[in-house]
Amino acid sequence: TWFRPAAAQPPRRILVLHHLLLGDTLMLTPLLAKLRAAYPAAEIYLSCPRAFLPLYAAQPFGVIALPFDPRE
C-alpha cells in the first residue's frame, strides 16, 4: 500500500522574496497577477528594496509590498 496525503489546502499567505533591480521587480508584476488569480483568498506579500515601495503603494492585485534589504 502507499500513502495518499489529504488534498492540500490553498496557502493562506504567500511571500515573494527577492532583492533584484527595478526592471526585474516590474517583470514580477505578471507573477503577482497569476498568484492572485490562482489564490484569490491568500494574503500576498512582495519584498522589494525600500526605494521601490512607492510602485506598489496602491497594492496592485491586493499585494502588500514590504521593504527588504539583506544587509539589514
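Before reading further, recall that the structure is shown in the block above.
Predicted model only: the values in this text are computed from it and were never measured.

S.K.: Could you give an account of the environment of Pro 67, with specific residues and numbers?
M.R.: Position of Pro 67 relative to the elements: it lies in strand β3 (residues 63–67). Classification of Pro 67 by relative accessible area gives partly exposed; the value is 41%. Placed 21 residues apart in sequence, Pro 67 and Leu 46 show a C-alpha to C-alpha distance of 8.5 Å.

S.K.: Give me the nonpolar core: which residues, what numbers.
M.R.: Counting residues in each nonpolar core, the largest one holds 10 residues, listed as Ile 14, Val 16, Leu 28, Leu 32, Leu 35, Ala 42, Ile 44, Leu 46, Tyr 56 and Val 63. Elements with a minimum of two residues in this core: β1 (13–16), α2 (29–38) and β2 (43–48). Apart from the residues lying within four places of it in its own chain, the contact partners of Leu 35 are Ile 14, Val 16 and Ile 44.

S.K.: Account for the sheet that holds β1, with residues named and values stated.
M.R.: What the 3 strands build is an open sheet, ordered β1-β2-β3; its pairing is parallel. The sheet is open, and its two borders are formed by β1 and β3, each paired with just one other strand. Here the average twist between neighbouring strands, direction ignored, is 25°. In this sheet, β3 lies alongside β2 in parallel orientation, the contact comprising 5 bridges. When the bridges of β3 are listed, Ser 47 appears paired with Leu 66.

S.K.: Can you tell me about the pairing of β2, naming the residues and giving the values?
M.R.: Where β1 and β2 come together, 4 bridges link them in parallel fashion. Note that in β2 the partner of Val 16 across the bridge is Leu 46.

S.K.: Which residues make up the pattern of salt bridges, and what values go with them?
M.R.: According to the stated counting rule, one finds 3 salt bridges in the structure shown. Glu 43 is paired through a salt bridge with Arg 13; the nearest N and O atoms lie 3.3 Å apart. Here Glu 43, found in strand β2, pairs with Arg 13, found in strand β1; they are 30 residues apart in sequence, far enough to count as distant. For Asp 69, the salt bridge is made with Arg 71, and the minimal N-O distance between the two is 3.2 Å.

Cut-offs and rules
Residues numbered from 1 in each chain as written. Predicted model: local features only at pLDDT ≥ 70, side-chain atom pairs only at ≥ 80, totals over all residues. Heavy atoms only, no water. Helix = DSSP H or I, 4+ residues; strand = E, 2+ residues; numbered from the N terminus. Buried < 20%, exposed > 50% of the residue type's maximum accessible area, 1.4 Å probe, protein only. Core = buried A, V, L, I, M, F, W, Y, C linked by side-chain atoms within 4.5 Å. Contact = heavy atoms within 4.5 Å. Pairing = 2+ DSSP bridges. Axes fitted to C-alpha atoms, helices over the stretch in contact; angles between N-to-C directions. Salt bridge = Lys/Arg side-chain N within 4 Å of Asp/Glu carboxyl O.

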